[in-house]
Number of protein chains: 2
Amino acid sequence: MAPRSWLDIAADSHFSLANIPFGIITTPHSSSPHVGVAIGKYALDLSMFAAHSGFADCPAITSHLDVFSQPTLNDFAALGRAVHRDVRQYLQDFFVEGSKSRPAEAFAKPYDRRGLFPLKDVKTHLPFHIGDYTDFFVGKHHAQNAGALIRGIDNALNPNYMHLPVGYHGRASSVVVSGTSIRRPHGQIMEDLTAKVPKPIFTPSKRLDFELELGAFVCKANKMGEPVSIKEADENIFGLVLMNDWSARDIQGWEMVPLGPFNSKNFGTSVSAWVVLVDALEPFRVSGIENEHEALAYLREGKKENVYDLKLEVELTTKSGTSTTITRTNGKNLLFSFPQMLAHHTAGGCPMQVGDLLGSGTVSGTEPDTMSGSMLELSANGKNKIKLHGGDERTYLEDYDTVTLKGWAGGEEAGLVGFGDCTGMIEPAITIQ
Amino acid sequence: MAPRSWLDIAADSHFSLANIPFGIITTPHSSSPHVGVAIGKYALDLSMFAAHSGFADCPAITSHLDVFSQPTLNDFAALGRAVHRDVRQYLQDFFVEGSKSRPAEAFAKPYDRRGLFPLKDVKTHLPFHIGDYTDFFVGKHHAQNAGALIRGIDNALNPNYMHLPVGYHGRASSVVVSGTSIRRPHGQIMEDLTAKVPKPIFTPSKRLDFELELGAFVCKANKMGEPVSIKEADENIFGLVLMNDWSARDIQGWEMVPLGPFNSKNFGTSVSAWVVLVDALEPFRVSGIENEHEALAYLREGKKENVYDLKLEVELTTKSGTSTTITRTNGKNLLFSFPQMLAHHTAGGCPMQVGDLLGSGTVSGTEPDTMSGSMLELSANGKNKIKLHGGDERTYLEDYDTVTLKGWAGGEEAGLVGFGDCTGMIEPAITIQ
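The rules behind these values
- Residues numbered from 1 in each chain as written.
- Chains lettered and ligands numbered in written order.
- Predicted model: local features only at pLDDT ≥ 70, side-chain atom pairs only at ≥ 80, totals over all residues.
- Heavy atoms only, no water.
- Contact = heavy atoms within 4.5 Å.
- Salt bridge = Lys/Arg side-chain N within 4 Å of Asp/Glu carboxyl O.
- Polar contact = N/O pair within 3.5 Å; in protein donor to acceptor, adjacent residues only side chain to side chain.
- Helix = DSSP H or I, 4+ residues; strand = E, 2+ residues; numbered from the N terminus.
- Nonpolar A, V, L, I, M, F, W, Y, C, P; charged D, E, K, R; others polar.
- Pairing = 2+ DSSP bridges.
- Axes fitted to C-alpha atoms, helices over the stretch in contact; angles between N-to-C directions.
- Phe/Tyr/Trp six-rings, centres within 6.5 Å; stacked < 30°, edge-to-face > 60°.
- Buried < 20%, exposed > 50% of the residue type's maximum accessible area, 1.4 Å probe, protein only.
- Disulfide = S-S within 2.5 Å.
- Domains from an automatic or database assignment.
- Buried area = accessible area lost by both parts, 1.4 Å probe.
- Least-squares fit on C-alpha atoms with pLDDT ≥ 70 in both.
- Core = buried A, V, L, I, M, F, W, Y, C linked by side-chain atoms within 4.5 Å.

### A few points about the interface of chain A and chain B
By a frequent convention, interface size equals the accessible area lost on bringing the separate parts together.
Here's step 1: With 58 residues of chain A at the contact, the number on the chain B side is 58 residues.
Here's step 2: At the boundary of chain A with chain B, the tally comes to four salt bridges.
Here's step 3: The salt bridge involving Arg171(B) is made with Asp356(A); its shortest N-O contact spans 2.6 Å.
Here's step 4: Inspection of the chain A/chain B interface yields 29 residue pairs in polar contact (both at pLDDT 80 or more).
Here's step 5: Only strand S6 (133-136), strand S7 (167-169), strand S9 (182-183), strand S10 (186-189), strand S11 (201-204), helix H6 (249-255) and helix H8 (338-345) of chain A provide two or more residues apiece to the side of chain A that touches chain B.
Here's step 6: For the side of chain A that touches chain B, the leading source of residues is S7(A), giving three residues.
Here's step 7: In the side of chain A that touches chain B, the residues fall into 32 nonpolar, 21 polar and five charged.

Have a look at this one:
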């Protein structure tokens, strides 16, 4: 039986005592963004908690309390994994039933006196200042599905695919926090890609898609010219989020050869507001997708359990408010781990900065009905209708559709370790004069 | 006859009175980076100039003098093109022979009393904080040359090439200022790309190349979801630099399908230290490469002269100190202009921030001997030897080679408008344990 909290935490809460995810919040008491953690139905305002000597018995952080007043998690993350571990453990001890470190009555109602705010009263913000954002493509089942739709089943995967974590540089400025609306992009589109004489048009995307991904934030910088070895890489990762790499398939199809996706992706990427520390995910390590090719030494991690058993779901809610879970999959469906992605990314000396974001690429599974992390796959590139509750159908996203990614590890007995929602609604395209 | 300065400016100086480029400097008097301009053999320290009431008669800037004490040009750039124009004009008036605005004897020797420092005593720094860096591919002759080497002459250009400025997101964290050494990257490489069973190895790049490009810095932000129209785009560009997009061709060949170049580029990108305002380049507008396809409305600029007549050269200096000019070309060899690149980049709503960097892609020409902005082209992908003075030869770069890009507009009569050098030396690869 897992330890219980003196706070009333529902069994299905993503923010159990086993989690303690970090985020950036504003509260009814403070309109300047600063650090908080989510616990049950509440956010604990760590800036206020620190100001009331909440961390008096946590030596790891006492000389760095200013990090909790910053508008991003960058400074806290930069303190390193050992500090994150201590702070998380300290907060778990604080919230556990019978905790000695809980000041008597400190958290009696009204909660906000010492920094506990109901989540519904708290606004969340982008958790990090992101210097650079990189999106990988290591969800092999997605690569296989998408490749088969584009190049046929025999050429689905490119020759390099099994040998390196394929990735590309994304657009950092358009990464937004869950809850931010996404405007349907205009773009240059060729409706018939096989036409002999291309006649592209400029029009709003008609094949707007989501991509269900995991994201990881970097907590340690490396200098230019100095790779992060695979041995060190795990310690350079702060935590994970859910990520929706919104994609305009029609823009993508025309633009992406030979330099990769560009405007088809850079109109918006959503991340969940609460960053789950990799320490909190440690109990959920599992093996990823089997790779028949032995990895080259710079990618050889030395442990098989290098990804996480995370239940993932995508819910589509129409304008009328009807919600349908349109896919279910698992975060273990990755060919390479985040430490491997980081070691590969820096292998030539590319400098990472604290707050850099790595995306996994779309996570799809293998079982029918539960295999698809995108509508490209669910609709077989527009050929099949996706049935929604209430009789609606979709091939791609319509205006005012809301996509909500959900993800969690663990069970109700020991407490869920979840991300909360990563959500975004499609706004209609602007009118071009 | 062009106006002369009371400062002694050599006829072949890139920093004539007609130029006034902006950069970030530290000087013998101040080790904290701040703003300066280059003029002849000197840098004028604008922070010091401002502190000595140098801008007393320049109303456009008097309430923003703090921008000159910043460690990047971002704040100055954000003031907008009208302010840049006024400040440049004011400094030109200040330096012109017989200037009334020159305080008597203010700049008598020793010059540094009021902020004039010999360039040899000044250290230059990266001019902008770069939020995102994007590299385009609009040097059509390079695209044609490189495409022919890879896919054969009939398929050199992809179907989209003439219709949109093809581009990809680059790595902002590895953009460095001229003078910074570049370490030869390790990477995953497939020596025989046609092998049936791929056996990639991890090794230092053997085909390390430069790419001669122009870069442009953005001076105006747009909100996510709100494109920059082609009409506005010109006002959103601050100025230009030379850019060397160092490239590891062997890493690139294996990694880039289907998502584009990644580790083959992200180990380093060099930019020249002095940013030439687009106002200074205005007299040198010329037509770019003819495009038989009419641009779609969102790319239609309404003027033919949308690129600049810039002489460009690449010099290779070996470890022994022998220098050879290995290519000469012209900056007008572009299919799309920077305003067109910006309009395309934001067409789907991608937000730009002040300081974002756009690269043109490699600029190659059409005449034999003067057509190649990279060694890939000069050596026909390693097949031909490039002859250097002193009997040396190259196909790709060797350790301790220094590549220097040079670029300028105008003639000695009216004064050169140049970038100075954009230089970098190749350091040997690190030893992997």
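### Quick word on the sheet that holds strand S1 (residues 22-27) of chain B
Residue and element names in this part refer to chain B.
Here's step 1: With respect to topology, five strands assemble into an open sheet ordered S4-S3-S2-S1-S5, the strand pairing being antiparallel. Every interior strand has two partners, whereas the edge strands, strand S4 (116-118) and strand S5 (123-125), have only one. Strand after strand, the sheet turns through a mean of 45° between neighbouring axes, direction not considered.
Here's step 2: Sheet analysis places S1 next to S5, joined by three bridges and oriented antiparallel. Each bridged residue has a counterpart across the sheet, and for isoleucine 25 the counterpart in S5 is threonine 124.

### Focus on the packing of aromatic side chains
Here's step 1: All chains considered together, the criterion is met by 33 aromatic pairs over all chains.
Here's step 2: Seen in terms of ring centroids, Phe136(A) and Phe262(B) are 5.7 Å apart; in terms of plane orientation they differ by 85°. Their pairing is edge-to-face. Taken as a pair, Phe136(A) in strand S6 and Phe262(B) in the loop between helix H6 (249-255) and strand S16 (269-271) lie in two separate chains rather than in one. Phe262(B) matches Phe136(A) in its accessibility class, with the two residues each being buried.

### Let's talk about unusual backbone geometry
All names here are of chain A.
Here's step 1: In this structure, the amide linkage connecting valine 257 to the following residue, proline 258, adopts the cis form with an omega of 10°.
Here's step 2: Summarising the element assignment, proline 258 is placed in the loop between H6 and strand S16 (269-271).
Here's step 3: Backbone geometry at isoleucine 20 places phi at a positive 65°, although glycine is not the residue there.
Here's step 4: Even without a glycine there, the phi angle at alanine 380 is positive, about 50°.

### Let's talk about the state of the cysteines
All names here are of chain B.
Here's step 1: Scanning the entire structure with this criterion turns up zero disulfides over all chains.
Here's step 2: Looking at cysteine 58, it has no disulfide partner, and the nearest cysteine sulfur is the one in cysteine 219, 17 Å off.
Here's step 3: Given a relative accessible area of 3%, cysteine 58 falls into the buried group.
Here's step 4: We note that cysteine 219 lacks a disulfide partner, and the nearest cysteine sulfur, in cysteine 350, lies 16 Å from it.

### Quick word on the domain arrangement of chain A
Residue and element names in this part refer to chain A.
Here's step 1: Domain annotation of chain A identifies domain 1 (22-125) and domain 2 (133-427).
Here's step 2: In this structure, domain 1 and domain 2 have C-alpha centres spaced 30 Å apart.
Here's step 3: Counting from both sides, the interface comprises 19 residues of domain 1 and, opposite them, 15 residues of domain 2.
Here's step 4: Here domain 1 packs against domain 2, burying approximately 1,500 Å² in sum over the two surfaces, 61% of which is carbon and sulfur.
Here's step 5: Of all residues in domain 1, Phe22, Arg81 and Arg88 bury the most surface against domain 2, accounting for 41% of the area lost on that side.
Here's step 6: Linking domain 1 with domain 2 are three salt bridges, by the criterion used here.
Here's step 7: We note a salt bridge from glutamate 235 to arginine 85, for which the minimum N-O separation is 2.7 Å.
Here's step 8: Classifying every residue of the side of domain 1 that touches domain 2 by side-chain character gives ten nonpolar, six polar and three charged.

### Observations concerning the relation of the copies chain A and chain B
Here's step 1: Take chain A, turn it by 180°, move it 0.0 Å along the axis, and it overlays chain B with an RMSD of 0.0 Å. Here the two chains are linked by the operation of a two-fold rotation axis. Taking C-alpha positions as reference, the residue of chain A nearest the rotation axis is Gly260(A), located at 2.2 Å.
Here's step 2: When you check the interface residues of chain A against chain B, 100% turn up at the interface there too, and the contact is symmetric in its surfaces.

### Structural notes on the environment of Asp8(A)
Here's step 1: Locating Asp8(A) in the fold gives a position in the segment before strand S1 (22-27).
Here's step 2: Put simply, Asp8(A) and Lys265(A) are 257 residues apart on the chain and 41 Å apart in space, counted from C-alpha to C-alpha.

### As for the nonpolar core
Here's step 1: Ranked by size, the top nonpolar core spans 72 residues in total, and within it Leu240(A), Leu281(A), Leu310(A), Phe338(A), Leu342(A) and Leu397(A) carry the most contacts.
Here's step 2: Core analysis: the next-biggest nonpolar cluster, separate from the first, contains 71 residues, Leu214(B), Ala216(B), Phe284(B) and Met375(B) among them.

### Thoughts on the sheet that holds strand S21 (residues 323-330) of chain B
The strands that make up a sheet pair up through hydrogen bonds in the backbone, lying either parallel or antiparallel.
Residue and element names in this part refer to chain B.
Here's step 1: In space, the five strands of this open sheet follow the order S9-S26-S25-S20-S21, with mixed pairing throughout. Looking at the sheet topology across the chains shown, the edges are occupied by strand S9 (182-183) and S21.
Here's step 2: Pairing of strand S20 (residues 311-317) with strand S25 (residues 402-409) involves seven bridges; the strand directions are antiparallel. Across the sheet, glutamate 315 pairs through a bridge with threonine 404, a residue of S25.

### Side note on the pattern of salt bridges
Pairs can form between side chains of opposite charge whenever their charged atoms are close.
Here's step 1: In the structure shown here, the tally under the stated rule is 47 salt bridges over all chains.
Here's step 2: A salt bridge links Asp399(A) to Arg184(A); the nearest nitrogen and oxygen atoms lie 2.7 Å apart. Of the two residues, Asp399(A) sits in the loop between strand S24 (393-394) and strand S25 (402-409) while Arg184(A) sits in the loop between S9 and S10, which places them 215 residues apart along the sequence.
Here's step 3: The exposure class assigned to Arg184(A) is buried, which follows from its relative accessible area of 9%.
Here's step 4: Where Asp121(B) meets Lys120(B), a salt bridge forms, and the shortest distance between an N and an O atom there is 3.4 Å.
Here's step 5: Residue classification places Lys120(B) among the exposed residues on the basis of a relative accessible area of 73%.

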